[in-house]
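# Fold and geometry: a report
Below are the chains, spelled out letter by letter.
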Amino acid sequence: MARASNILFLLASILAMSALATTGETLGTIGVNWGIQMTHPVEPAIVVAMLKANGIKKVKLFDADDWTMSALVGSGLEVVVGIPNDQLERMSSKYSHAKDWVKENITRYYKDGGIDIKYVAVGNEPFLKSYNGTHLLTTFPAMQNIQKALDEAGHGDKIKVTCPLNADVYESSGGSNVPSSGAFRSDINDLMTNMVRFLKDHNSAFVVNIYPFLSLYQNPDFPLDFAFFGTGSRTINDNGKQYTNVFDANLDTLIWALKKAGVPNLKIIVGEVGWPTDGNIKANPALAKKFYDGFLKKMGKKEGTPLRPGPMDAYLFGLIDEDLKSIMPGSFERHWGIFTYDGKPKFPMDLSGQGNDKYLIGAKGIQYLPAQWCIFNDEAKDLSTLAGNIDYACSNGDCTSLGYGSSCNHLSREGNISYAFNMYFQMSDQDVRACDFGGLAKIVNRNASQSGCLFPVQIVSAGERVVAVAAKALVLICFVLFVLV
């Protein structure tokens, strides 16, 4: 009996290892979204080193930026490569465009010692209602063309096409708020049904972005504790399934929609999940830490959801704050990072979900611009253009931390002006012309930060650093030639 049990155990182990070898994926682990919509991106090689130092094994990109991709070569990280929405029409219009894209952005990196690419994310939330149907006719054809190109290049058995979608592609029907009433939106039901069956046929995954924070932001009556994980006062009973948080309820609503579309067992990846730390009264480090602590513990315990218990794949959103993100959805959009703009961890956390919170390892080798700030010139006499200059600074800089309930909301009138001027100055590489404002501003060497409000000094951007290195090299070459002559 013992020998038979050992044989069965061995067979089970072989089958499990075979399944892992087939997919080649690290299952049930935490990844991160790495966006680069920032004026001063951290050098990609530094970011990759930071990811590895923190034991992060997966990264999701929003494009195929060559500098980023080159830094990932040989890293061992599992990568999701993105195709932005503005390329969907091109990828769908001609197969040759998709074929060229795969050759340029996948084949050149997908080799021994290259990049371990798992998915190509075609578009990003292309069916948002706010897009008014812009991408409805191009997204699925683009997916089909890219998958065909992957297949023809010999990558199709290892690299799969998917499309990250916002949770607004499905909804609870009939006025009910229980997951079992979930279905795809009526206006895109046929399209979504075809897409999910395509994903199933190609052994791919449905990627969904779920944001409990937005439930709070969009609905002032939404119960606060239902956005977090734990024993809150609010529960939803759905035919014996108990829901104590909106994340589980949301994900299981999707699962019901998939069932009704005929693909009940389609793999699901949580493409984006997180909590912002500024830009709104509910966006702060304390609530972000509370959310991440609960979510990461859930992941660590491999709880899954009431409908689909067990491990799941998820990508935290996001890695580093992005000061160029659109703030149309809200000022919080530029503050989703678990790291600050310069790669510093915002609060203690344990990515393994064991509750052993500590600050993550920050970016190493960051260089800063000179320690100087642009502030309001209190000796200025003519203030007639002040309002217009403040508007200009905020429109072209980043004043999202000045809003109601945000980290710098408590500043004085002069403090608000100085913050706006300094953010524009820093984002403009401390160009002296960016700290004039018709004589209303001046440059100082004393740290202007005050009362918990950081007046940042921007980092030397990756592009500037390369130019600086090249300039130094050119000077050295010229010096050598001069000596030889």
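Residues numbered from 1 in each chain as written. Predicted model: local features only at pLDDT ≥ 70, side-chain atom pairs only at ≥ 80, totals over all residues. Heavy atoms only, no water.

A few words now on the overall build of the protein. Looking only at helices and strands, one finds 13 helices and 15 strands in the protein. Burial analysis of the protein (485 residues in total) assigns 52% to the buried set. As displayed, the protein has an accessible area near 22,700 Å², and 56% of this comes from carbon and sulfur atoms. (Helix = DSSP H or I, 4+ residues; strand = E, 2+ residues; numbered from the N terminus. Buried < 20%, exposed > 50% of the residue type's maximum accessible area, 1.4 Å probe, protein only. Areas by Shrake-Rupley, 256 points an atom, 1.4 Å probe, with all protein chains shown as cover.)

Glancing now at the sheet that holds strand S13 (residues 313-316). Spatial strand order, S5-S4-S3-S2-S1-S13-S12-S9-S6: nine strands in an open sheet with parallel pairing. Unpaired on one side and paired on the other, strand S5 (160-162) and strand S6 (165-166) mark the two borders of the sheet. The strands touched by helix H2 (residues 44-53) are strand S1 (30-34) and strand S2 (58-61); relative to S1, the strand with the most contacts, the crossing angle is about 165 degrees. Docked against the sheet, helix H9 (residues 246-260) engages strand S9 (205-209) and strand S12 (267-273), running at close to 140 degrees with respect to S12. (Pairing = 2+ DSSP bridges. Contact = heavy atoms within 4.5 Å. Axes fitted to C-alpha atoms, helices over the stretch in contact; angles between N-to-C directions.)

Right, let's talk about the packing of helix H6 (residues 139-152) against helix H7 (residues 189-201) for a bit. As a packed pair, H6 and H7 sit with axes 11 Å apart at the nearest point and diverge in direction by 15 degrees. In terms of their interaxial angle, H6 and H7 are classed as roughly parallel. The handedness of the crossing between H6 and H7 is left-handed. Across the interface between the two elements, Phe140, Met143, Gln144 and Gln147 from H6 touch Leu191, Asn194, Met195, Phe198 and Leu199 from H7. (Parallel < 35°, antiparallel > 145°, perpendicular 65-115°, else oblique. Left-handed = near helix turned anticlockwise from the far one by under 90°.)

Turning next to the side chain of Asp342. Here Asp342 is to be found in the loop between S13 and strand S14 (373-376). A distance of 2.7 Å separates a polar atom in the side chain of Asp342 from a polar atom in the side chain of Tyr368. Ignoring sequence-local partners within four residues, the contact set of Asp342 consists of Ala363, Ile366, Tyr368 and Ile459. (Polar contact = N/O pair within 3.5 Å; in protein donor to acceptor, adjacent residues only side chain to side chain.)

A few words now on the pattern of salt bridges. Taken as a whole and judged by the stated rule, the model has 19 salt bridges. For Glu303, the salt bridge goes to Lys298, with nearest N and O atoms at 3.9 Å. For Glu303, a relative accessible area of 39% puts it in the partly exposed group. Residue Arg334 is joined to Asp398 by a salt bridge in which the shortest nitrogen-to-oxygen separation is 3.3 Å. Residue Arg334 is located in the loop between S13 and S14, and its partner Asp398 is located in the loop between helix H11 (386-396) and helix H12 (413-427); the two are separated by 64 residues in the primary sequence. Look at Arg334 and you get buried, because its relative accessible area is 12%. (Salt bridge = Lys/Arg side-chain N within 4 Å of Asp/Glu carboxyl O.)

Bringing the environment of Met195 into the picture now. Of note, Met195 is situated in helix H7. Taking the C-alpha atoms as reference, Met195 lies 9.2 Å from Thr162; in sequence the two are 33 residues apart. Sequence-distant contacts of Met195, that is, excluding residues within four places in its chain, are made with Phe127, Phe140, Met143, Cys163 and Leu165.

On to the state of the cysteines, then. For the structure on display, the rule yields three disulfides. Shown here is the disulfide that connects Cys394 with Cys399, its sulfur atoms set 2.1 Å apart. Looking down the S-S bond of the Cys394 and Cys399 bridge, the torsion is -85 degrees, so its handedness is left-handed. Assessed through its relative accessible area of 14%, Cys399 is described here as buried. At a sulfur-sulfur separation of 1.9 Å, the disulfide partner of Cys408 is Cys453. Between Cys408 and Cys453, the disulfide has an S-S torsion of 95 degrees and is therefore right-handed. Placement of Cys408 in the loop between H11 and H12 and of Cys453 in the loop between strand S15 (441-444) and helix H13 (462-484) is noted, with a sequence separation of 45 residues between them. For Cys408, a relative accessible area of 1% puts it in the buried group. Cysteines bonded in the protein are numbered consecutively along the chain; their disulfide partners then correspond to 1-5, 2-3, 4-6. (Disulfide = S-S within 2.5 Å.)

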